[in-house]
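Residues per chain are reported as follows:
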Amino acid sequence: MTRTLTIVSHTHWDREWYQPYQEYRIRLVQLVDRLLDLLEQNPDYRTFTLDGQTIILEDYLAVRPARERELRAHIREGRLLIGPWYILPDEFLVSPEATIRNLILGDRVARAFGAKMTVGYVPDCFGHISQLPQILRGFGLDAAALWRGVGEAPNEFRWAGPDGSEVLTVHLRDGYGNAAHLPADEGAFAAHLSRIAERLAPHATTSHLLAMNGTDHLEPMPELSRLISYAGAALPELEIRHGTLPQFVAAVREAQPSLELRVGELRSAQRAHLLPGVFSARIWIKQRNALCETLLEKWAEPFSAMTVAHGLETPTRDLAALCWQAWRYLIQNHPHDSICGCSVDAVHKEMDVRFDWVEQIGEEVARQSQAAIAGAVDTRQLAGAPLVVFNPIAGPRSDLVTARVPLP
């Protein structure tokens with residue numbers, strides 16, 4: 001039986017982890033510089049995936065604005081795949097709303113450059129929430145690709161959320177780097193691909209197999225197209241393609257396999273560590289994050305929306321833009337190595353500053369909004385100094401309110 005092996009070239013980009021953000025960004029600039037040079041000089045090098053996140057584009061272009069035209073051209077030609085996320089998050093340590101905002105930001109950035117990748121790529125999350133299939137479907141994504149949390153399973157399966165929404169799920173059984181660090185020698189390269197195919201074939205649902213040519217912070221392999229050409233002739237039992245995750249998903253769908261259905265959370269540690277200790281590592285991060293999420297979700301945004309709905313004026317005209325800026329800062333603290341508290345001290349020191357920025361913006365937006373609303377309340381029939389109380393909960397309350405009132 002002839003099998004098709006799709007090689008997906010990529011890098012898994014931890015924005016901050018065992019090095020702080022600025023040190024990693026220097027490495028990112030080096031990587032993307034060399035990648036753009038490779039795409040320009042070698043038309044046979046077909047495609048590269050920028051890890052499913054769009055913040056990479058912002059981080060790179062802040063240093064290399066002169067290369068934006070090249071970057072856009074390769075994205076629009078389909079040689080560079082971006083999105084659908086803004087950052088690759090942890091799914092359990094952030095609020096549901098934060099996950100939605102992450103995908104909204106990813107969609108906005110991707111649209112500004114071209115098109116987003118149509119696969120919900122979450123290669124290294126420490127397990128997956130049950131609602132992820134329905135969230136992805138809500139953003140027009142009907143496929144996912146992931147590694148941790150699955151346990152023993154075929155290479156592909158159907159995954160359904162609580163509401164019945166399904167996505168075709170590509171199970172990266174041997175991780176997102178099962179074809180990383182391939183040898184540059186032609187014979188060794190062909191032998192390595194053959195071993196990858198042998199490992200995957202027993203779990204295949206179709207004749208299509210997936211080799212992920214990349215791993216953490218790995219740069220593209222310049223000689224890949226030449227090596228693929230050699231291996232294609234040396235391995236007649238394999239049709240070797242340099243392709244993308246969407247192309248692989250399309251090939252699996254076309255084969256119309258009978259796939260098993262999985263429902264609910266993916267929290268098995270059978271084949272990959274889930275690192276549950278991150279739930280309590282540096283607990284102050286989790287506490288500050290929860291406070292910031294509450295500030296934006298329950299105070300700043302609802303009350304600023306009320307001012308717009310009632311045509312009220314505030315000193316700052318576009319409070320929604322400020323809220324989105326706060327969300328950007330907050331989501332920049334949500335990559336799995338950041339929010340999980342498993343990075344070097346410098347990373348979390350910088351996260352503390354981003355939390356400060358979120359609080360500063362959120363508190364001021366809430367203050368301006370509430371001042372405008374309070375000013376619009378008709379208190380002429382009330383005796384004494386009126387007191388306006390705000391309830392951030394979507395329902396009636398009977399709590400005791402304590403206030404400090406200045407007397408003349």
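Residues numbered from 1 in each chain as written. Predicted model: local features only at pLDDT ≥ 70, side-chain atom pairs only at ≥ 80, totals over all residues. Heavy atoms only, no water.

### So, the overall build of the protein
Step number 1: The helix and strand inventory of the protein stands at twelve helices and ten strands.
Step number 2: The principal-axis extent of the C-alpha atoms belonging to the protein is close to 90 × 45 × 40 Å.
Step number 3: Classification of the 408 residues of the protein by burial places 52% in the buried group.
Step number 4: Expressed as a percentage of contacts within the protein between residues at least 6 apart in sequence, the contacts between residues at least 24 apart total 81%.
Step number 5: Of the roughly 18600 Å² of accessible surface on the protein, 52% is carried by carbon and sulfur atoms. (Helix = DSSP H or I, 4+ residues; strand = E, 2+ residues; numbered from the N terminus. Buried < 20%, exposed > 50% of the residue type's maximum accessible area, 1.4 Å probe, protein only. Contact = heavy atoms within 4.5 Å. Areas by Shrake-Rupley, 256 points an atom, 1.4 Å probe, with all protein chains shown as cover.)

### A look at the packing of aromatic side chains
Step number 1: Using the criterion set out here, one finds eight aromatic pairs in the structure.
Step number 2: Seen from their ring centres, Trp299 and Phe303 are 5.7 Å apart, and the 35° between their planes marks the pair as tilted. Residue Trp299 and its partner Phe303 are both found in helix α9 (residues 283-309); the two are separated by four residues, about one turn of the helix.
Step number 3: Cluster of aromatic residues (ring-pair linked, three or more members): Trp13, Trp17, Tyr18 and Tyr24.
Step number 4: The ring of Phe113 has Arg72 sitting right over it, with the charged end atom 4.4 Å from the ring centre. (Phe/Tyr/Trp six-rings, centres within 6.5 Å; stacked < 30°, edge-to-face > 60°. Lys NZ or Arg CZ within 6 Å of the ring centre and 35° of its normal.)

### Some points on the nonpolar core
Step number 1: In this structure, Leu71, Leu80, Phe189 and Leu193 are the most contacted members of the largest nonpolar core, which totals 72 residues.
Step number 2: If you tally residues by element for this core, the top one is helix α1 (residues 21-41), at nine residues.
Step number 3: Beyond its immediate sequence surroundings of up to four residues, Leu80 is in contact with Leu35, Leu36, Leu39, Phe48, Leu50, Leu71, His74 and Ile75.
Step number 4: Counting residues in hydrophobic clusters, the runner-up holds 20 residues, among them Val8, Val119, Met212 and Phe248. (Core = buried A, V, L, I, M, F, W, Y, C linked by side-chain atoms within 4.5 Å.)

### Regarding the side chain of Thr169
Step number 1: Turning to its location among the elements, Thr169 is positioned in strand β7 (residues 166-171).
Step number 2: The exposure class assigned to Thr169 is buried, which follows from its relative accessible area of 0%.
Step number 3: When near neighbours in sequence (up to four residues on either side) are disregarded, Thr169 contacts Ala144, Leu146, Asn155, Glu156, Phe157 and Trp159.

### Observations concerning the pairing of strand β8 (residues 208-213)
Step number 1: By the criterion of burial, β8 is predominantly enclosed, with six of the six residues buried.
Step number 2: Of the strand pairs in this sheet, strand β1 (residues 3-9) and β8 are connected by six bridges, and their pairing is parallel. Opposite Leu5, over in β8, you have Leu209 as the bridge partner. (Pairing = 2+ DSSP bridges.)

### Some thoughts on the pattern of salt bridges
Step number 1: Within the structure shown, the criterion is met by 30 salt bridges.
Step number 2: Asp356 is paired through a salt bridge with Arg288; the nearest N and O atoms lie 3.0 Å apart. Taken together, the residues Asp356 in helix α12 (residues 345-376) and Arg288 in helix α9 connect sequence positions 68 residues apart.
Step number 3: Looking at Asp356, the relative accessible area reads 29%, which means it is partly exposed.
Step number 4: Among the charged side chains, a network of salt bridges with common partners joins Asp33, Asp37, Arg64, Arg67 and Glu70. (Salt bridge = Lys/Arg side-chain N within 4 Å of Asp/Glu carboxyl O.)

### Considerations on the sheet that holds β1
Step number 1: Pairing in this open sheet of three strands is parallel, and the strands run β8-β1-β9 from one edge to the other. Of all strands in the sheet, those bounded by a partner on one side alone are β8 and β9 (238-243). The sheet shows a mean angle of 25° between the axes of neighbouring strands, taken without regard to direction.
Step number 2: Here β1 pairs with β9 via six bridges, running parallel. From the neighbouring strand, Leu5 faces β9, where its bridge partner is Ile240.
Step number 3: Against the sheet, helix α7 (residues 224-234) engages β1, β8 and β9, with an angle of about 165° to β9. (Axes fitted to C-alpha atoms, helices over the stretch in contact; angles between N-to-C directions.)

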